[in-house]
Amino acid sequence: MATTVLTLVGSLRNGSTNQQLAEATVANAPEGVEVNLYAGIEDIPFYNEDIDVEGQVPAAAVALREAAGAADALLLVSPEYNGTMPAVLKNAIDWLSRPMGAGAVFGKPAAVIGTAYGQFGGVWAQDEARKAVGIAGATVLEDVKLSIPGSLVRFAETHPKDDAEVVGQVSAVLEGIRAAAESN
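Residues numbered from 1 in each chain as written. Predicted model: local features only at pLDDT ≥ 70, side-chain atom pairs only at ≥ 80, totals over all residues. Heavy atoms only, no water.

**Overview of the UniProt feature "domain: NADPH-dependent FMN reductase-like" (unreviewed entry) in the chain**
Point 1. According to UniProt, the feature "domain: NADPH-dependent FMN reductase-like" (unreviewed entry) maps to residues 4-149 in the numbering used here.
Point 2. Segment residues 4-149 splits into 32% helix and 23% strand. End C-alpha atoms: 28 Å apart. (UniProt positions renumbered as here; feature names shortened; annotations may be inferred. Helix = DSSP H or I, 4+ residues; strand = E, 2+ residues; numbered from the N terminus.)

The structure is reproduced here in structure tokens:
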């Protein structure tokens, strides 16, 4: 049976290099790993405890929680906005963290990857995403990382799924996630 990896992309921009990086994980998933790109992250309202009550949880938040609950592991793909992760990704993590101690990602392996224009590939954002998803209850895979710098230049004419180095890197990330999920 395949290890299912729910992938959340923190960029909403059409043509986003982080969306393309997520697509590369789908195209290059090793045998036995199924990567599911989550669609609809932009439809989830900002987390508010007043609406996170039975019978009032917005449908978009319910769908996210169900998708995460059905997955074996989580992969966050984050650009870097002003030195941190985008609000849309943080908001998704907030919804997935509740109820505290029993959220949809509690105990599940989680990894964070990304690409950014700068010379460090968005490592600050990725560190913040690891911190947040870990506090949300996921088991953060600290040694399963991928930060690709210079995204606008590097991927100007080549989709990440067609970049041999990236193909090897995303395959290694997914192997790490699968190993963690199988031992979980």
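Now that the structure is up, let's keep going.
**A closer look at a nonpolar patch on the surface**
Point 1. A cluster of nonpolar side chains, namely Tyr117, Leu152 and Val153, defines an oily patch on the protein surface of about 360 Å² accessible area.
Point 2. If you trace the backbone, valine 153 turns up in helix 5 (residues 151-154). (Patch = residues over 30% accessible without salt bridge, like charges linked within 9 Å, V, L, I, M, F, W, Y side chains within 5 Å. Areas by Shrake-Rupley, 256 points an atom, 1.4 Å probe, with all protein chains shown as cover. Salt bridge = Lys/Arg side-chain N within 4 Å of Asp/Glu carboxyl O.)

**Remarks on the nonpolar core**
Point 1. If you look at the biggest cluster of nonpolar residues, it comprises 30 residues, and the most contacted ones within it are Leu8, Ile41, Leu64, Leu74, Leu76 and Val133.
Point 2. Secondary structure elements with two or more residues in this core: strand 1 (3-9), helix 2 (59-70), strand 3 (73-77), helix 3 (87-96), strand 4 (109-115) and helix 4 (123-135).
Point 3. In terms of residue count, helix 3 provides more of this core than any other element does, 6 residues in total.
Point 4. Look past the residues within four positions of leucine 64 in its chain and what remains in contact with it is Leu8, Tyr38, Ile44, Ala92, Trp95 and Leu96.
Point 5. Leu21, Ala22, Val33 and Ile113 belong to the second largest nonpolar core, which has 22 residues in total. (Core = buried A, V, L, I, M, F, W, Y, C linked by side-chain atoms within 4.5 Å. Buried < 20%, exposed > 50% of the residue type's maximum accessible area, 1.4 Å probe, protein only. Contact = heavy atoms within 4.5 Å.)

**Re the packing of helix 2 against helix 3**
To describe two helices that pack against each other, one gives the angle between their axes and the distance between the axes.
Point 1. It is the contact of helix 2 with helix 3, at a shortest axis distance of 10 Å, that shows an interaxial angle of 75°. Taken together, the axes of helix 2 and helix 3 are roughly perpendicular relative to one another. In contact with Ala61, Leu64, Arg65 and Ala68 of helix 2, helix 3 contributes Ala92, Trp95 and Leu96.
Point 2. Class assignment for the residues of the contact of helix 2 with helix 3 results in 6 nonpolar, no polar and 1 charged. (Axes fitted to C-alpha atoms, helices over the stretch in contact; angles between N-to-C directions. Parallel < 35°, antiparallel > 145°, perpendicular 65-115°, else oblique. Nonpolar A, V, L, I, M, F, W, Y, C, P; charged D, E, K, R; others polar.)

**Examining unusual backbone geometry**
Point 1. A cis amide bond, omega -5°, links arginine 98 with the succeeding residue proline 99.
Point 2. Here the phi dihedral of asparagine 82 falls at roughly 50°; this positive angle occurs in a residue that is not glycine.
Point 3. With respect to the element layout, asparagine 82 can be found in the loop between strand 3 and helix 3.

**Focus: the packing of helix 1 (residues 17-27) against helix 6 (residues 164-183)**
Point 1. Viewed as axis vectors pointing N to C, helix 1 and helix 6 meet at an angle of 70°, and their least axial separation amounts to 9 Å. In terms of axis orientation, helix 1 runs roughly perpendicular to helix 6. Only Val166, Val170 and Leu174 of helix 6 make contact with helix 1, whose side of the interface consists of Leu21, Ala24 and Thr25.
Point 2. Across the contact of helix 1 with helix 6, the residue classes tally to 5 nonpolar, 1 polar and no charged.

**A word on the packing of aromatic side chains**
Point 1. Taken as a whole and assessed by the stated rule, the structure comprises 1 aromatic pair.
Point 2. Between the aromatic rings of tyrosine 47 and tryptophan 95, the centroid separation amounts to 4.7 Å while the plane-to-plane angle is 75°, which identifies the pairing as edge-to-face. Highlighted residues: tyrosine 47 in the loop between strand 2 (33-37) and helix 2 and tryptophan 95 in helix 3, separated in sequence by 48 residues.
Point 3. Owing to a relative accessible area of 0%, tryptophan 95 belongs among the buried residues under this scheme. (Phe/Tyr/Trp six-rings, centres within 6.5 Å; stacked < 30°, edge-to-face > 60°.)

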